[in-house]
Amino acid sequence: MAQIRIRNTDERISGEEKVKEFLDKQGVLYEHWDANKLPESLRNKFILSDEEKAEILSTFDSEIRDLASRRGYLTWDIIALSDATPNLDELLKKFEQVHTHTEDEVRAITAGNGIFIIKGSDDVGYFDVELTAGDVISVPEEKPHFFTLMDDRQIVAVRLFIETEGWIAHPFEDPAFVK
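For helix H4 (residues 88-95), the full list of buried residues reads Leu-88, Leu-92 and Phe-95. Around the axis of H4, the buried residues are gathered within 55° of arc, so they sit on the same side. Among the exposed residues of H4, those pointing more than 90 degrees away from its buried face are Glu-90, Lys-93 and Lys-94. Against the buried residues of H4 lie strand S4 (75-81), strand S5 (99-100) and strand S9 (145-149).

Below you can see the structure in the form of structure tokens.
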């Protein structure tokens with residue numbers, strides 16, 4: 001279940017309703033899918049064949065299509081990252097820079113966990129959203145943020161897009177951001 005850490009105050013927010021309420025106020029969509037629908041053999045697997053990726057997409061097909069129809073997403077895929085991912089550290093360097101997109105950045109976590117660091121309202125500042133299996137988040141277009149892995153460095157997520165070529169990051173320079 002997702003947890004939030006507000007960086008300026010180190011305040012923590014937990015519990016599905018409280019997390020959803022906080023993120024709603026920040027303009028970030030949050031929902032939770034039943035991660036137990038995933039076959040046990042895929043719940044902690046981070047190196048996936050094309051067939052296993054297709055099985056994950058099939059398992060969550062109704063949830064994906066529901067979200068896509070509500071939010072206008074046209075295409076989706078699976079991303080799997082772990083220490084076995086070639087050039088993982090180089091990929092993370094690309095991800096770990098504050099940026100924006102011209103469309104929402106959507107992740108539905110099916111295994112593992114990760115963190116979105118998001119610029120909130122002026123009174124909140126930056127906050128971390130720690131995600132685990134079942135958590136779904138949509139960071140709105142033009143909202144400064146970045147994504148990274150947690151200490152175990154493994155995640156599988158469904159990504160949804162409006163643009164069929166996927167998202168393009170636009171760097172966002174912010175002197176207020178401190179890693």
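Still more ground to cover, so stick around.
Closest axis-to-axis distance for the helix H2 (residues 50-59)/helix H3 (residues 61-71) pair is 4 Å, and the angle between their directions is 65°. Relative to H3, the element H2 lies roughly perpendicular. In this structure, H2 uses Leu-57, Ser-58 and Thr-59 to contact H3, whose residues at the interface are Asp-61, Glu-63 and Ile-64. Class assignment for the residues of the contact of H2 with H3 results in two nonpolar, two polar and two charged.

Residues Ile-4, Leu-23, Phe-127 and Val-129 are the most contacted members of the largest nonpolar core, which totals 27 residues. Those residues in contact with Ile-4, other than ones at most four positions away along the chain, are Glu-11, Arg-12, Ile-13, Val-19, Phe-22, Leu-23, Phe-127, Asp-128 and Val-129. By size, the runner-up hydrophobic cluster in this structure holds 21 residues, among which are Leu-42, Tyr-73, Ala-80 and Val-106.

Considering all chains together, one arrives at 18 salt bridges under this definition. Here Arg-5 makes a salt bridge to Asp-128, at a shortest N to O gap of 2.9 Å. Within this pair, whereas Arg-5 is found in strand S1 (residues 3-6), its partner Asp-128 is found in strand S7 (residues 126-132), the two being separated by 123 residues in sequence. Taking relative accessible area as the criterion, Asp-128 reaches 4% and is therefore assigned buried. Ionic pairing is found between Arg-71 and Asp-104, a salt bridge with its closest N-O pair at 3.2 Å. Note that Arg-71 is positioned in helix H3 and Asp-104 in the loop between S5 and strand S6 (105-119), a separation of 33 residues in sequence. Accessibility expressed as a relative area gives 32% for Arg-71, which makes it partly exposed. You can call Asp-104 buried: its relative accessible area is 10%.

About the thresholds
Residues numbered from 1 in each chain as written. Predicted model: local features only at pLDDT ≥ 70, side-chain atom pairs only at ≥ 80, totals over all residues. Heavy atoms only, no water. Buried < 20%, exposed > 50% of the residue type's maximum accessible area, 1.4 Å probe, protein only. Helix = DSSP H or I, 4+ residues; strand = E, 2+ residues; numbered from the N terminus. Arc of directions from axis to C-beta. Contact = heavy atoms within 4.5 Å. Axes fitted to C-alpha atoms, helices over the stretch in contact; angles between N-to-C directions. Parallel < 35°, antiparallel > 145°, perpendicular 65-115°, else oblique. Nonpolar A, V, L, I, M, F, W, Y, C, P; charged D, E, K, R; others polar. Core = buried A, V, L, I, M, F, W, Y, C linked by side-chain atoms within 4.5 Å. Salt bridge = Lys/Arg side-chain N within 4 Å of Asp/Glu carboxyl O.

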